[in-house]
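Okay, here's what each chain looks like letter by letter:
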Amino acid sequence: MEQEVTEDGVSIADVFRTVKRRMGYILGAAVLFAVAVALILAFAVNPTLATYSMDFRFVFPSDSFIYPDGSPFFYQDITSREFLSAAKNSSEAFSGIDVDKMYRNGDIEIEAETSTENDVTVYTGRYTVKVKGAYFKKSTQAEEFIGAVAHAPIDRMRAMAEETDYTTKEEIFNNAPFEERIALLTQEKENLLGVYDRWIAIYSATYAVKVKDAEYRLKDCRDSVTALFGESVRENLNDELEGLGGYYGGDLDAYRSELLREYGQNRTEIGDILTALGGTAVTYAGVSTIATQNIGLSERLTELFDRNRDIAGWLGITVVEENGETTILTDPAKGTLNQENIDAFADRLSEELQKLNGEAKRLTDVVSSIYSSGMSVRFDAQKVSSSGGTGVIIGAVIAFVGGLIIGIVVAYIVESNRKKNAPNKGDGD
């Protein structure tokens with residue numbers, strides 16, 4: 001029984017006949033539509049919806065995750081605004097990436113791998129950075145950017161190693177009293193040896209580093225420090241300082257006047273003690289706190305004689321007795337406490353500082369070389385992993401089916417309109 005077709009009705013037989021007649025066009029249109037949808041998903045939609053991730057490990061030159069200046073390294077800083085900006089500025093290819101928005105919206109994150117050893121959780125040094133794909137034109141740009149993010153801490157550490165200053169500041173040194181300058185020299189040498197000892201403990205004494213086109217063993221560098229400012233040099237400087245009367249700097253004339261005043265007071269006290277020891281009962285200032293037994297007075301007398309002998313040597317003192325009067329004369333040229341000797345001593349100290357600071361600068365080069373060769377990042381894979389978005393194959397299949405349906409409808413409408421507008425030739429085509 002033939003189906004009747006109303007003016008607005010649709011005959012299934014006509015639909016099949018249209019599909020049969022226009023199958024090539026319908027299939028072609030559906031395929032083209034499916035391909036277009038697949039391309040849009042793959043290169044336009046998915047990159048904005050996907051999350052890219054890469055796994056990597058840091059190789060530190062020491063067992064402790066620290067910066068060259070000793071400050072701790074926190075892996076969370078890798079995705080900080082500062083490091084993201086550094087990564088962006090590392091290449092012109094990243095100029096269009098909005099790292100401020102990425103940071104504000106939390107569209108980039110980092111995870112640290114941990115392991116448990118003896119019920120203690122420790123970081124393994126392996127990290128995963130994840131970032132939303134909407135910020136990148138293609139996956140290769142994401143790969144390069146995550147790589148730059150991972151290298152940002154390394155660049156920071158290497159730059160910090162180059163800038164770490166182990167020297168003693170000359171301004172601070174020259175403004176310190178002589179005794180403290182000797183202490184600073186001692187401390188500087190100990191600091192330098194301590195840094196070398198830490199690196200030798202990590203590597204070995206024979207570990208070679210390259211410094212300005214020359215290669216040195218860590219032991220060689222440490223030995224160079226050991227040879228400077230030795231015990232004999234320090235003892236000689238202390239002896240010279242003793243010859244300067246403990247002068248600490250400042251107004252030399254005022255210091256000499258104070259010593260001369262002390263010398264006179266000591267002479268008076270010596271006279272009082274001699275009187276006391278001779279059996280004469282007297283009251284004398286300056287000995288009131290000393291025991292009145294002879295042994296106590298004798299010890300004090302020896303102390304005062306020794307002190308005045310030293311002061312006389314420092315000031316070049318000559319005591320003149322004439323007509324029952326005593327005159328104390330000083331001659332800086334005969335004494336050890338004079339400007340010439342002070343300047344020479346200061347120069348000696350500065351020479352020792354320059355030697356140690358020279359080794360301190362070489363230590364900076366050594367540590368920089370260690371961080372340059374011993375600090376790196378290693379990626380588990382050179383390509384990013386992608387998650388999220390829409391499956392391209394599934395999307396293409398759905399698009400193909402949808403394209404078939406749309407193609408059939410469009411073909412039927414076109415065919416129907418053609419028949420309506422064509423001259424009536426009967427029931428046949």
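Residues numbered from 1 in each chain as written. Predicted model: local features only at pLDDT ≥ 70, side-chain atom pairs only at ≥ 80, totals over all residues. Heavy atoms only, no water.

A. Examining the packing of helix H9 (residues 231-243) against helix H12 (residues 339-374) more closely. Two elements in contact, H9 and H12, have axes whose closest approach is 11 Å; the angle formed by their N-to-C orientations is 160°. Taken together, H9 and H12 sit at an angle that is classed as roughly antiparallel. Where H9 crosses over H12, the handedness of that crossing is left-handed. Residues Val233, Leu237, Glu240 and Leu241 of H9 form the contact with H12, whose participating residues are Phe345, Arg348, Leu349 and Glu352. Taken together, the residues that form the contact of H9 with H12 break down as five nonpolar, no polar and three charged. (Axes fitted to C-alpha atoms, helices over the stretch in contact; angles between N-to-C directions. Helix = DSSP H or I, 4+ residues; strand = E, 2+ residues; numbered from the N terminus. Parallel < 35°, antiparallel > 145°, perpendicular 65-115°, else oblique. Left-handed = near helix turned anticlockwise from the far one by under 90°. Contact = heavy atoms within 4.5 Å. Nonpolar A, V, L, I, M, F, W, Y, C, P; charged D, E, K, R; others polar.)

B. Broad picture of the confidence of the model for the chain. A residue-level look at the chain finds 76% of positions with pLDDT of 70 or above and a mean pLDDT of 82. Confidence, read as mean pLDDT per element, is least for helix H1 (residues 12-21) in the chain (64) and greatest for helix H8 (residues 218-226) (96). Confidence over residues 1-7 falls short of pLDDT 50; this stretch has five contacts with residues more than four positions distant or in other chains. The low-confidence segment residues 279-292, where pLDDT is below 50, has 19 contacts with residues more than four positions distant or belonging to other chains. (pLDDT = per-residue confidence, 0-100.)

C. Main features of the layout of surface pockets. Considered as a void within the structure, the second largest pocket measures approximately 310 Å³ in volume. Every residue lining the second largest pocket is counted, 18 residues in all, and those nearest its centre are Ile66, Pro68, Val195, Arg198 and Trp199. Taken together, the elements giving at least two residues each to the lining of the second largest pocket come down to helix H7 (178-202) and H12. The element that contributes the greatest number of residues to the lining of the second largest pocket is H7, accounting for seven residues. Broken down by class, the residue content of the lining of the second largest pocket amounts to 10 nonpolar, four polar and four charged. (1 Å grid on protein atoms, 1.4 Å probe; cavity = no way out; pocket = protein on both sides within 12 Å on 5 of 7 lines; lining within 4 Å. Points joined across faces, edges and corners; volume = space filled by probe spheres on them.)

D. Representation of the pairing of strand S2 (residues 108-117) within the structure. Note: S2 against strand S3 (residues 120-132), nine bridges, orientation antiparallel. Paired with Thr116 across the bridge in S3 is Thr121. The turn joining S2 and S3, which pair antiparallel and follow one another in sequence, is formed by two residues; a positive phi near 55° is taken by Asn118. (Pairing = 2+ DSSP bridges.)

E. Structural detail: unusual backbone geometry. With a phi angle near 55°, Asn118 is a residue other than glycine that sits in the positive phi range. Position of Asn118 among the secondary structure elements: in the loop between S2 and S3. Under the relative-accessibility criterion, Asn118 is labelled exposed at 75%. At Asp119, a residue that is not glycine, the phi angle is positive and equals roughly 65°. Tracing the chain through its elements places Asp119 in the loop between S2 and S3. (Buried < 20%, exposed > 50% of the residue type's maximum accessible area, 1.4 Å probe, protein only.)

F. Quick peek at the pattern of salt bridges. Applying the stated rule across the entire model yields 22 salt bridges. For the salt bridge of Glu352 with Lys355, the shortest nitrogen-to-oxygen distance reads 3.6 Å. With Glu352 and Lys355 both in helix H12 and three residues apart, this pair spans about one turn of that helix. For Lys355, a relative accessible area of 41% gives the class partly exposed. Here the salt bridges share partners, and the residues they tie into one network are Asp55, Arg57, Glu113, Arg126 and Asp380. (Salt bridge = Lys/Arg side-chain N within 4 Å of Asp/Glu carboxyl O.)

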